[in-house]
Amino acid sequence: MVQEVLKTGVPDTIPETMACVEIAAPGGPEALRPARRPVPRPGPGEVLIRVAAAGINRPDVLQRQGKYPPPPGASDLPGLEVSGTIVALGADVADLGVGDAVCALLAGGGYAEYCLAPAPQCLPVPAGLDLVSAAGLPETFFTVWTNVFERGRLVAGETLLVHGGGSGIGTAAIALARAMGARVIATAGSAGKCAACERLGAERAVNYREEDFVAVVGQLTAGRGVDLVLDMVGGDYLPRNLACLAPDGRLVQIALLRGAHGELDLGRLMRQRLTVTGSTLRVRPVEEKGRIARALCERVWPLLAAGRVWPVIDSRFPLEQAAEAHRRMESGAHFGKILLSVDPRPLTTPGPSDNFGGRHP
Ligand SMILES: NC(=O)c1ccc[n+]([C@@H]2O[C@H](COP(=O)([O-])OP(=O)(O)OC[C@H]3O[C@@H](n4cnc5c(N)ncnc54)[C@H](OP(=O)(O)O)[C@@H]3O)[C@@H](O)[C@H]2O)c1
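As the structure is a prediction and not an experimental result, all values here were calculated from the model. (Residues numbered from 1 in each chain as written. Predicted model: local features only at pLDDT ≥ 70, side-chain atom pairs only at ≥ 80, totals over all residues. Heavy atoms only, no water.)

A.B. asks: So what exactly am I meant to see when it comes to the sheet that holds strand E12 (residues 245–253) here?
C.D. replies: Each strand in a sheet pairs with another by means of backbone hydrogen bonds, the pair being arranged parallel or else antiparallel. Judged by pairing direction, the sheet is parallel, and its 6 strands sit side by side in the order E10-E9-E8-E11-E12-E13 without closing on themselves. Edge positions in the open sheet fall to strand E10 (204–207) and strand E13 (275–278), since each of these has one partner strand only. Along the sheet, successive strands turn relative to each other by an average axial angle of 15°, direction set aside. As defined by bridge partners, E12 adjoins E13 across 4 bridges and the pair is classed as parallel. For Val252, the partnering residue across the bridge sits in E13 and is Thr277. Lying on the sheet, helix H3 (residues 138–151) is in contact with strand E11 (226–231), E12 and E13; it crosses E11 at an angle near 155°. Contacts from helix H7 (residues 237–244) reach strand E8 (159–162), E11, E12 and E13, with the element oriented near 145° to E12. (Pairing = 2+ DSSP bridges. Helix = DSSP H or I, 4+ residues; strand = E, 2+ residues; numbered from the N terminus. Axes fitted to C-alpha atoms, helices over the stretch in contact; angles between N-to-C directions. Contact = heavy atoms within 4.5 Å.)

The following block contains the structure:
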């Protein structure tokens, strides 16, 4: 494999070691420790990416706390998505080349200057989007596509209720569902986040701390309910989510911020012909993620290139300030994606706050 790479002359430019951020021991943000590790070498079907930026996701926080171990064979470094430039190819990689600008979904290892990605999980940086902002795409867009449009079967003209509208996942779901011609109602925990959800395309955002989202959904849909609920809250939201669903409605569960158990009214489920389902992305095999990547390329990348959808970037931090970035996520003050950036170039997406200039978001 290294022989393969040597033909390109690229290894000369790849150092032996790299800066990265590792989890010293399960704990708070201070557990994230800058370190040096050997630069990994691509195996069959993998590419080596020089990282421009890595997206931060809530599962990284759980991993740091010791509650979400990486799957077997994955890097122990956190980081589920990156953008950057391919600098080496493993054996059996046909459709990608050294020098390609990509963003990639990872099973781990993104908080580093270099990382490995399975080739099928790499996507081109959409036309018109800067390389750093593209790091905010893979985890949220893979998750939203497979849960909202595949599992949840949302189509134009239907109505989506998305909880956590200000999250990375929520902002992508609002933007994409609107671009696909659906009506969107969102929930969020502050007036500011609700206003931002509405600017992004939600017809109405409900501050769940002050209003009952079930009642608002009833008013907005003339008592019919929504066709799909995308939920990351769980727990006591389960019966309330079901109460929001129209006949033949679907509830897709993607996280359990308020617990794994709730009351399921089977009578309502039968009478209204409801579907309750859910999924997690990280454990799914490379072929499955590759299939989602191809669907994204075909259906969503043109929307990104046309500027009809974009990753909402809350803020970015230099790689070595990963602990600060996690503190921001855990504060809950963010709206959209938080990035860790190796590349200091300015972003071109609308409205990012930027810690590179010393400003705090
Ligand atoms: N299943 C999958 O494949 C998959 C993949 C990726 C992520 N996820 C999950 O999706 C969720 C969003 O991920 P992310 O990276 O976008 O995280 P994030 O930006 O940190 O978003 C979490 C959101 O949850 C809301 N929230 C927190 N506690 C809440 C509560 N008790 N009740 C209602 N809302 C609450 C917060 O918004 P407010 O300020 O409005 O409360 C926040 O916007 C995470 O739970 C993550 O684990 C699932």
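Read on, since the account is not over.
A.B. asks: Looking at this structure, how should I read the site of the ligand?
C.D. replies: Around the ligand, the structure places 27 residues, and the nearest of them are Arg58, Gly189, Lys193, Tyr208 and His334. Within the backbone of Ile254, one N or O atom sits 2.9 Å away from a nitrogen atom of the ligand. In the model, an oxygen atom of the ligand is placed 2.8 Å from a nitrogen or oxygen of the His334 side chain. Burial of the ligand by the protein chains amounts to 90% of its free accessible area of 900 Å². Those elements that provide at least two residues to the shell around the ligand are helix H2 (58–64), H3 and helix H4 (168–179). For the shell around the ligand, the class distribution of residues is 12 nonpolar, 10 polar and 5 charged. (Near = heavy atom within 4 Å. Polar contact = N/O pair within 3.5 Å; in protein donor to acceptor, adjacent residues only side chain to side chain. Areas by Shrake-Rupley, 256 points an atom, 1.4 Å probe, with all protein chains shown as cover. Nonpolar A, V, L, I, M, F, W, Y, C, P; charged D, E, K, R; others polar.)

A.B. asks: Quick question: what am I supposed to make of the side chain of Gln63 here?
C.D. replies: Locating Gln63 in the fold gives a position in helix H2. At a separation of 3.4 Å, a polar atom in the side chain of Gln63 contacts the main-chain carbonyl oxygen of Asp76. Other than its neighbours up to four places away in sequence, Gln63 contacts Ile23, Tyr68, Pro70, Asp76, Leu77, Pro78 and Arg282.

A.B. asks: In this structure, what is going on with the packing of aromatic side chains? I would like to understand it.
C.D. replies: Centre-to-centre distance and the angle between the planes together describe a pair of aromatic rings. Counting across every chain of the model gives 2 aromatic pairs. Ring geometry for Phe213 versus Tyr237: centroids 5.0 Å apart, planes at 50°, classification tilted. You can see Phe213 sitting in helix H6 (residues 213–220) and its partner Tyr237 sitting in helix H7, a full 24 residues away along the chain. Residue class for Tyr237 comes out buried when judged on its relative accessible area of 2%. (Phe/Tyr/Trp six-rings, centres within 6.5 Å; stacked < 30°, edge-to-face > 60°. Buried < 20%, exposed > 50% of the residue type's maximum accessible area, 1.4 Å probe, protein only.)

A.B. asks: Honestly, the pattern of salt bridges in this entry has me stumped. Any pointers?
C.D. replies: Charged atoms that come close allow side chains of opposite charge to pair. Tallied over the entire structure, the rule returns 17 salt bridges. In this structure, the salt-bridge partner of Arg33 is Glu22, at a minimum N-O distance of 2.6 Å. With a gap of 11 residues between them, Arg33 in strand E2 (residues 32–38) and Glu22 in strand E1 (residues 17–23) connect regions that are remote in the sequence. Put simply, Lys337 and Glu81 hold a salt bridge, and the shortest N to O gap is 2.6 Å. Of this pair, Lys337 sits in strand E15 (residues 337–341) while Glu81 sits in strand E4 (residues 81–89); the two residues are 256 residues apart in sequence, bridging distant segments of the chain. Of the two residues examined, Lys337 and Glu81, each falls in the buried class. (Salt bridge = Lys/Arg side-chain N within 4 Å of Asp/Glu carboxyl O.)

A.B. asks: Would you take a moment to explain the layout of surface pockets for this structure?
C.D. replies: Gaps left between atoms show up when a probe the size of a water molecule is rolled over them. In this structure, the largest pocket spans a volume of roughly 1200 Å³. Surrounding the largest pocket, 46 residues form its lining, Arg58, Ser167, Met232, Ala255 and Leu257 being those nearest its centre. Counting residues per element, the ones that place at least two in the lining of the largest pocket are H2, H3, H4, strand E9 (183–188), helix H11 (322–331) and E15. Here the element with the most residues in the lining of the largest pocket is H3; it accounts for 4 residues. In the lining of the largest pocket, the residues fall into 18 nonpolar, 20 polar and 8 charged. By volume, the second largest pocket is sized at about 460 Å³. Taken together, 26 residues form the lining of the second largest pocket, with Glu46, Gly73, Ala74, Ser75 and Gly108 sitting closest to its centre. Listing elements by their share of the lining of the second largest pocket, those giving two or more residues are E2, strand E6 (114–118) and helix H9 (286–299). Grouping the amino acids of the lining of the second largest pocket by side-chain chemistry returns 16 nonpolar, 5 polar and 5 charged. (1 Å grid on protein atoms, 1.4 Å probe; cavity = no way out; pocket = protein on both sides within 12 Å on 5 of 7 lines; lining within 4 Å. Points joined across faces, edges and corners; volume = space filled by probe spheres on them.)

A.B. asks: Which parts of the structure should I look at to understand the nonpolar core?
C.D. replies: Nonpolar side chains in soluble globular proteins tend to end up buried together. Ranked by size, the top nonpolar core spans 76 residues in total, and within it Phe141, Leu230, Leu296 and Val300 carry the most contacts. In terms of residue count, the dominant contributor to this core is H4 (8 residues). Not counting residues up to four positions away in its chain, the partners in contact with Phe141 are Ala172, Leu176, Leu296, Val300, Leu304 and Val309. Listed in part, the 28 residues of the second largest apolar core include Ile49, Ile86, Val93 and Cys122. (Core = buried A, V, L, I, M, F, W, Y, C linked by side-chain atoms within 4.5 Å.)

A.B. asks: What am I meant to see in unusual backbone geometry here?
C.D. replies: With the exception of glycine, the majority of residues adopt a negative phi angle, and the majority of peptide bonds are in the trans configuration. Despite not being glycine, Ala222 has its phi angle at roughly 50°, a positive value. Positionally, Ala222 belongs in the loop between H6 and E11.

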